[in-house]
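# Inside the fold
Spelled out from the first residue to the last, the chains are:
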Amino acid sequence: MGHHGVLPGGLGRWAVLVLAAGLALTACQDGSSDGAAAATTTHSTSTSAAPTTSAPPTTPAAPTTPAGAPVHVHIFEGDGETYGVGMPIIVYFSKKITDASAFRSAVAVTVNGQKVDGAWYFEPSQLSEYALEAHFRLPQYWPGHAAVHVDMPLTGLSAGTGLTFDNSLTLDMQTGAAQVAQIDGNTDTMTITSDGQPVKTLQVSLGKATTPTYLGTAVVMAKSNPEEMKSDPGETPAYDIEVPWSVRVTNSGEFIHDAYWNGSIGTQNLSHGCTNLSPADAEWYYGFAQIGDPVTFTNTGTGQVIPVEDGWGDWNADWATYSQGGLLPTSGG
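Since we're looking at a predicted model, the values are computed, not measured.

## Description of the sheet that holds strand β7 (residues 119-123)
A sheet is described by the order of its strands in space; here four strands give the open sequence β2-β4-β8-β7, paired in antiparallel fashion. Each end of this open sheet is capped by a strand with a single partner; those strands are β2 (73-75) and β7. Strand after strand, the sheet turns through a mean of 25° between neighbouring axes, direction not considered.

Put into structure tokens, the structure is as follows:
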């Protein structure tokens, strides 16, 4: 898909790559769960009576140091936070691990107290300070209004030859209502349901024929009011505008946003890849959307599907492919 700029008539995806990276970084920092590692360490004390006879002094045992270079793990999501039902659990690694077998065996995920069988998919990290990341999802979306617990007792486990995990984490998050959006480029509509019940149908304008909107399922990543969008270097006319009520759905720059300049919302697809809404609808959706809500695009005029590694495009790999594990396939650890 060609590079898309942000022009009056439809703001697009490719002009905001730098902003996308910065936005993802902010979210990761806000969602740190590293503090949970401290809770995994326990200390025991002796209650035995003092000996009545003297004993030779003993030398305390030296603390055990895991072999290999340390690998630190960080979770994107925050304890006590609520996410949409399409939200993958995202884990970042400080070094590029080469064997995930111990990780997969040790980590457990439960929903409402019941262990679930999902898959970890390893991919290049979208954040420059991490070497690798892994996403976890189930074959279907999470249930709505659920308690999700993740236990990662990793300290001392192997992350591959010469690599050892040096921390352990837990996560307790919730899912909100099952808010699902379906966007149809043929009818120029965005149909939204919550827990299976209709909420609203909004009029949209998607990407024009030369700059089509991706097909597939995106996940709401972040919200900005406004979002600064700039033209590509050398693009004419050049622009630098603040776009109200902007909801990010890919890392490469697709948003669902206010397009007050577009007079063809609901009748023509004129954007550079983003989903244009009227000001009133954009403000409403901005307030309604949860981070992690899935948004599925159909009939966009292209055969190109959102890549799995573009933001949280996890739902664009079928289960057979996703469950193989990506860069660290299950057959190889």
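## Overview of the environment of Ile-265
Along the chain, Ile-265 falls in the loop between β21 (255-258) and β22 (275-277). Each C-alpha atom, one on Ile-265 and one on Thr-189, is 9.3 Å from the other, the two residues being 76 residues apart in sequence. Not counting chain neighbours up to four residues away, the residues in contact with Ile-265 comprise Gln-203, Val-204, Ser-205, Ala-259, Asn-276, Leu-277 and Ser-278.

## Details of the pattern of salt bridges
Once the charged atoms of two side chains with opposite charge are near each other, the side chains can pair. Taken as a whole and assessed by the stated rule, the structure comprises two salt bridges. A salt bridge links Glu-227 to Arg-248; the shortest N-O distance between them is 3.7 Å. Of the two residues, Glu-227 sits in strand β18 (residues 227-230) while Arg-248 sits in strand β20 (residues 246-248), which places them 21 residues apart along the sequence. You can call Arg-248 buried: its relative accessible area is 1%. Residue Glu-228 pairs with Lys-230 through a salt bridge whose shortest N-O separation is 3.9 Å. For Glu-228, a relative accessible area of 25% translates into the label partly exposed.

## Some thoughts on the environment of Pro-70
Among the structural elements, Pro-70 can be located in strand β1 (residues 69-71). A C-alpha to C-alpha distance of 9.0 Å links Pro-70 and Gly-156, two positions 86 residues apart in sequence. In this view, Pro-70 contacts Ser-94, Lys-95, Thr-164 and Asp-166; residues no more than four positions away in its chain are not counted.

## Some words on the packing of aromatic side chains
On inspection of all chains with the given rule, the structure shows 16 aromatic pairs. Pairing Phe-76 with Trp-312 gives two aromatic rings, centres 5.3 Å apart and planes at 70°, and the pair type is edge-to-face. With Phe-76 in the loop between β2 and β3 (82-83) and Trp-312 in the loop between β23 (294-298) and α4 (319-322), this residue pair connects regions lying 236 residues apart in the sequence. Looking at Phe-76, the relative accessible area reads 5%, which means it is buried. Given a relative accessible area of 6%, Trp-312 falls into the buried group. Ring plane angle 55° and centroid distance 5.1 Å describe the contact between Trp-120 and Phe-136, whose orientation is recorded as tilted. Of this pair, Trp-120 sits in strand β7 while Phe-136 sits in strand β8 (residues 132-137), and the two are 16 residues apart along the sequence.

## Focus: unusual backbone geometry
For the peptide bond that leads from Asn-225 to Pro-226, omega is 5°, which places it in the cis range. Within the secondary structure, Pro-226 sits in the loop between β17 (222-224) and β18. Phi at Asn-112 takes a positive value of approximately 55°, unusual for a residue other than glycine. The residue Asn-112 is located in the loop between β5 (108-111) and β6 (114-115) in this model.

## Re the nonpolar core
Grouped burial of nonpolar side chains is what soluble globular proteins tend to show. With 43 residues, the main nonpolar core has Ile-89, Phe-93, Ile-97, Trp-120, Phe-122, Trp-142 and Met-152 as its most contacted residues. Looking at this core, the elements that each hand over two or more residues are β2, β4 (89-93), β5, β7, β8, β9 (147-152), β11 (163-165) and β12 (169-175). For this core, the element with the highest residue contribution is β4, accounting for five residues. When residues no more than four places from it in sequence are discounted, the contact partners of Ile-97 are Val-71, Phe-122, Leu-132, Ala-159, Leu-163, Phe-165 and Leu-328.

The rules behind each value
Residues numbered from 1 in each chain as written. Predicted model: local features only at pLDDT ≥ 70, side-chain atom pairs only at ≥ 80, totals over all residues. Heavy atoms only, no water. Pairing = 2+ DSSP bridges. Helix = DSSP H or I, 4+ residues; strand = E, 2+ residues; numbered from the N terminus. Axes fitted to C-alpha atoms, helices over the stretch in contact; angles between N-to-C directions. Contact = heavy atoms within 4.5 Å. Salt bridge = Lys/Arg side-chain N within 4 Å of Asp/Glu carboxyl O. Buried < 20%, exposed > 50% of the residue type's maximum accessible area, 1.4 Å probe, protein only. Phe/Tyr/Trp six-rings, centres within 6.5 Å; stacked < 30°, edge-to-face > 60°. Core = buried A, V, L, I, M, F, W, Y, C linked by side-chain atoms within 4.5 Å.

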